[in-house]
Amino acid sequence: TDGEGKTIGWYTWNLDLPGRDLLRRALPLVLACELGILLLLTVFLRRAAQATARLEANRSEIAEQREEVAAREETLRAILRHAGDGVMTVEPDGRILSANIAAGILFGTEAGALEGRMLGDLIVEAPSGRMGAWMMSNSGCRACRTAAEH
């Protein structure tokens, strides 16, 4: 070579490039930017990991709470199912949603057979008082309306 370049095998290149000083000055800035980006990514990933951990903890807590609610519901169902008093849940229109064993006995049928029927269809005489007024206006009770008309 002539001293200005270097030869390896048949290829020769010049080591004194015109932008070499610019590269030496810009390299620290480029490295600082890359370091800044890496730090930001690290913070972001750490926060994402913390948020994921909180979500998992919340999911576990919600699952435990659902199990507790289900257990309490089952306990209440068992209490109502075996209560000595007849208990029914009824829609505003008078349709029976559920009934316990004692309610079935009161109406001479199985408790499950009451579900879906109209409460008014089970009453033979017109009830009086607030219950009677409610049934006559809301329940579709044919017997109640017939008795009230006569």
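Procedures and definitions
- Residues numbered from 1 in each chain as written.
- Predicted model: local features only at pLDDT ≥ 70, side-chain atom pairs only at ≥ 80, totals over all residues.
- Heavy atoms only, no water.
- Helix = DSSP H or I, 4+ residues; strand = E, 2+ residues; numbered from the N terminus.
- Buried < 20%, exposed > 50% of the residue type's maximum accessible area, 1.4 Å probe, protein only.
- Contact = heavy atoms within 4.5 Å.
- Areas by Shrake-Rupley, 256 points an atom, 1.4 Å probe, with all protein chains shown as cover.
- Patch = residues over 30% accessible without salt bridge, like charges linked within 9 Å, V, L, I, M, F, W, Y side chains within 5 Å.
- Salt bridge = Lys/Arg side-chain N within 4 Å of Asp/Glu carboxyl O.
- Lys, Arg positive; Asp, Glu negative; His and termini not counted.
- Charge placed at Lys NZ, Arg CZ, Asp CG, Glu CD.
- Core = buried A, V, L, I, M, F, W, Y, C linked by side-chain atoms within 4.5 Å.
- Polar contact = N/O pair within 3.5 Å; in protein donor to acceptor, adjacent residues only side chain to side chain.
- Pairing = 2+ DSSP bridges.

Participant: What am I meant to see in the overall build of the chain here?
Facilitator: Helices and strands together make up the secondary structure of the chain, namely 6 helices and 4 strands. Counting from the amino terminus, the chain carries its helices and strands in the arrangement β-β-α-β-β-α-α-α-α-α. Scored against the burial criterion, the 150 residues of the chain give a buried share of 13%. Of all intrachain contacts in the chain linking residues separated by at least 6 positions in sequence, the fraction that spans at least 24 positions is 17%. Carbon and sulfur atoms make up 60% of the accessible area of the chain, which amounts to about 12000 Å² in all.

Participant: Would you take a moment to explain a negative patch on the surface for this structure?
Facilitator: Residues E61, E64, E67 and E68 make up a contiguous surface patch of negative charge. Along the chain, the position of E68 falls in helix α1 (residues 20-81). Judged by relative accessible area, E68 falls into the partly exposed class, the value being 45%.

Participant: How should the nonpolar core be read in this particular structure?
Facilitator: Burial of nonpolar side chains together is a common tendency in soluble globular proteins. I96, A99, A103, L114, L119 and L122 form the largest nonpolar core, which has 6 residues in total. Elements with a contribution of two residues or more to this core: β4 (96-99) and α4 (119-122).

Participant: Is there a simple way to explain the environment of I105 in this structure?
Facilitator: Take I105: it is sitting in helix α2 (residues 101-106). Residue class for I105 comes out exposed when judged on its relative accessible area of 63%. Distance from I105 to G86, taken between C-alpha atoms, is 8.1 Å for residues 19 residues apart in sequence.

Participant: Teacher, can you tell me more about a nonpolar patch on the surface here?
Facilitator: A contiguous nonpolar surface patch, about 260 Å² in accessible area, is contributed by L27, V30 and L31. Tracing the backbone through its elements, the reader meets L31 in helix α1. Taking relative accessible area as the criterion, L31 reaches 47% and is therefore assigned partly exposed.

Participant: Looking at this structure, I do not really get the side chain of N100. What am I missing?
Facilitator: Turning to its location among the elements, N100 is positioned in the loop between β4 and α2. Residue classification places N100 among the buried positions, given a relative accessible area of 4%. Engagement of the side chain of N100 in a polar contact is seen with the backbone oxygen of D85, the distance being 2.8 Å.

Participant: How should the pairing of β4 be read in this particular structure?
Facilitator: Each regular strand displays side chains that alternate between the two surfaces of the sheet. Note: strand β3 (residues 88-90) against β4, 3 bridges, orientation antiparallel. Bridge pairing in β4 places T89 opposite S98.

Purely geometric stuff here, so don't read any function into it on its own.
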